[in-house]
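# Secondary and tertiary structure notes
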Amino acid sequence: MPLAELCQAAAHRLPIADPSCYAYGPEQGGAEFRADLADFLTRHYGVPVQAGELLITAGASHALDLVLTRLCRPGDTIFVEDPTYFFALGIFADRHLRVVPVPTDPAGIDVDALELMLRTKVPRLLYTIPVFHNPTGVTLPEERRRRLAGLATEFGFLIVADEVYQLTGDLAAAPAPLRTFGPGQVLSLGSFSKILAPGIRLGWVEGPPDEINALQDCGVLRSGGGVAPVMCAIVSSAIQLGLQDSFLERACRIYSSRRQHMISCLSRELPAGVRFQVPHGGFYIWLELPASSDAVAMLAAGEASGVSFRAGPSFSPGQNFRNFMRLCFVFNEEKKLTDGVVRLAELIRSHW
Ligand SMILES: Cc1ncc(COP(=O)(O)O)c(C=O)c1O
């Protein structure tokens, strides 16, 4: 956690005693913070990001909820990858949406299958995690990004790209964010949760100015003003002082070394027949056990023996992926990861 960085940023910002950041803020988020964020993203995404195309939110979860509130009506159909981020399924349920799963393969969303589906039904929007996917760890290659954006233009639907892991991996492994391939069709969700700290509760939507205006024109932001102006001001200082940059570099070094460590433990310990794709960023590894395995049934025994994971069906609107489990490699230090993998391998063998 960036304790020293946030102390330093707060010590820089709070003595400035700017009364405006203690008042209700502009709905879109303050101009200084959006400019600092645009500068940070432009440098790290490697493509230009405009302050006018950013709306500040209380994290990506809030961003997704806001997008659904403004763009969908109860009963609308949305498409999601199968599997997808399990908590997003809860947000869709809150909005009473019809969630239709789109198949994925080892390269991400299956754009051929999607095209066939679109010939029968065009969704209000498609929710996708194109980079270091939760739970699969997969990153959608450029060619598919182009196809996906092309399909959105051809059939006339919006893509909500949840790109919270964009900056968490090997730079060479993350293509440009999805908006690069279809700026008019894509809303990109980002968050400080994975690059600074989740307790900060700050994120953003990046999208075409018309969509950003439509999103900010909502009851919650009109009533409460822009999200967390004081926290925005502190994070502005973190960006201006280079603390966000240096923390991100440190976090990515830790993420990467834990990822490599987990991969080598899994390669050494797991019985033959358990498969996984090596991720190049993000937080997760998606294990595929033999088809007859039941990760749901294994969870309680796993937790009793001191290892935990998330079973596959919770990531699937149709409760698929019973023989899959998601492992998270970022929260524990190497020694705990080693112990966890040894216990996991024993658990799998005992359920073989
Ligand atoms: C794909 C994805 N989106 C959104 C979130 C939540 O982000 P936030 O903390 O910004 O709401 C997570 C957290 O795990 C996630 O994995």
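Look above for the structure.
Described in the following lines is the structure provided in the data block. (Residues numbered from 1 in each chain as written. Predicted model: local features only at pLDDT ≥ 70, side-chain atom pairs only at ≥ 80, totals over all residues. Heavy atoms only, no water.)

Turning next to the overall build of the protein. In terms of helices and strands, the protein carries twelve helices and twelve strands. Relative to a compact globule of 352 residues, whose C-alpha radius of gyration would be 20 Å, the protein shows 21 Å and is just as compact. Based on the C-alpha atoms only, the size of the protein along its principal axes is roughly 65 × 50 × 35 Å. Counting every position in the protein, which comprises 352 residues, the buried fraction comes to 53%. Taking the contacts inside the protein whose residues are at least 6 apart along the sequence as the reference set, 73% of them involve residues at least 24 apart. (Helix = DSSP H or I, 4+ residues; strand = E, 2+ residues; numbered from the N terminus. Rg over C-alpha atoms; globule rule 2.2 N^0.38 Å. Buried < 20%, exposed > 50% of the residue type's maximum accessible area, 1.4 Å probe, protein only. Contact = heavy atoms within 4.5 Å.)

Moving on, we get to the site of the ligand. Around the ligand sit 13 residues in total, of which S61, D162, Y165, S191 and S193 are the nearest. A distance of 2.5 Å separates an oxygen atom of the ligand from a polar side-chain atom of S191. Separating an oxygen atom of the ligand from a side-chain N or O atom of R201 is a distance of 2.9 Å. Calculation on the ligand without its partners gives an accessible area of 400 Å², and the protein chains cover 92% of this total. (Near = heavy atom within 4 Å. Polar contact = N/O pair within 3.5 Å; in protein donor to acceptor, adjacent residues only side chain to side chain. Areas by Shrake-Rupley, 256 points an atom, 1.4 Å probe, with all protein chains shown as cover.)

Let's shift gears to unusual backbone geometry. Backbone phi values are negative for most residues with the exception of glycine, while trans is the configuration of most peptide bonds. Note the cis peptide between D82 and P83, where omega equals 10°. Here P83 is to be found in the loop between β2 (77-82) and α4 (86-94). For H96, which is not glycine, the phi dihedral falls at a positive 55°. Assignment of secondary structure puts H96 in the loop between α4 and β3 (98-105).

Let us now look at helix α7 (residues 209-216). Residues I212, L215 and Q216 constitute the buried set of α7. Each buried residue of α7 sits inside an arc of 90° when the element is viewed along its axis, so together they form one side. Each element contacted by the buried residues of α7 is listed here: β1 (54-57), α3 (59-71), β8 (203-206) and α8 (219-224). (Arc of directions from axis to C-beta.)

A word on the packing of helix α2 (residues 31-45) against helix α10 (residues 243-269). Axis separation between α2 and α10 bottoms out at 11 Å; the angle between their running directions is 40°. With respect to α10, the element α2 is oriented oblique. Handedness of the α2/α10 crossing: right-handed. Where α2 approaches α10, its residues F40, R43 and H44 are matched on the opposing element by Q244, D245 and L248. (Axes fitted to C-alpha atoms, helices over the stretch in contact; angles between N-to-C directions. Parallel < 35°, antiparallel > 145°, perpendicular 65-115°, else oblique. Left-handed = near helix turned anticlockwise from the far one by under 90°.)

For the rest of this paragraph, the subject is the pattern of salt bridges. One pass over the structure, following the stated rule, counts 20 salt bridges. Across the salt bridge formed by R144 and D105, the nearest N and O atoms sit 2.9 Å from each other. Residue R144 is located in helix α6 (residues 142-155), and its partner D105 is located in strand β3; the two are separated by 39 residues in the primary sequence. R144 sits in the buried class, given a relative accessible area of 17%. (Salt bridge = Lys/Arg side-chain N within 4 Å of Asp/Glu carboxyl O.)

Another point: the pairing of strand β12 (residues 324-328). The buried fraction of β12 amounts to four of the five residues, a majority that puts the element mostly inside the structure. Two strands pair when backbone bridges link them, and strand β10 (residues 284-288) and β12 are joined in this way by five bridges, in the antiparallel orientation. Across the sheet, the residue bridging to W286 is R326, located in β12. Of the strand pairs in this sheet, strand β11 (residues 310-311) and β12 are connected by two bridges, and their pairing is antiparallel. For R310, the partnering residue across the bridge sits in β12 and is R326. (Pairing = 2+ DSSP bridges.)

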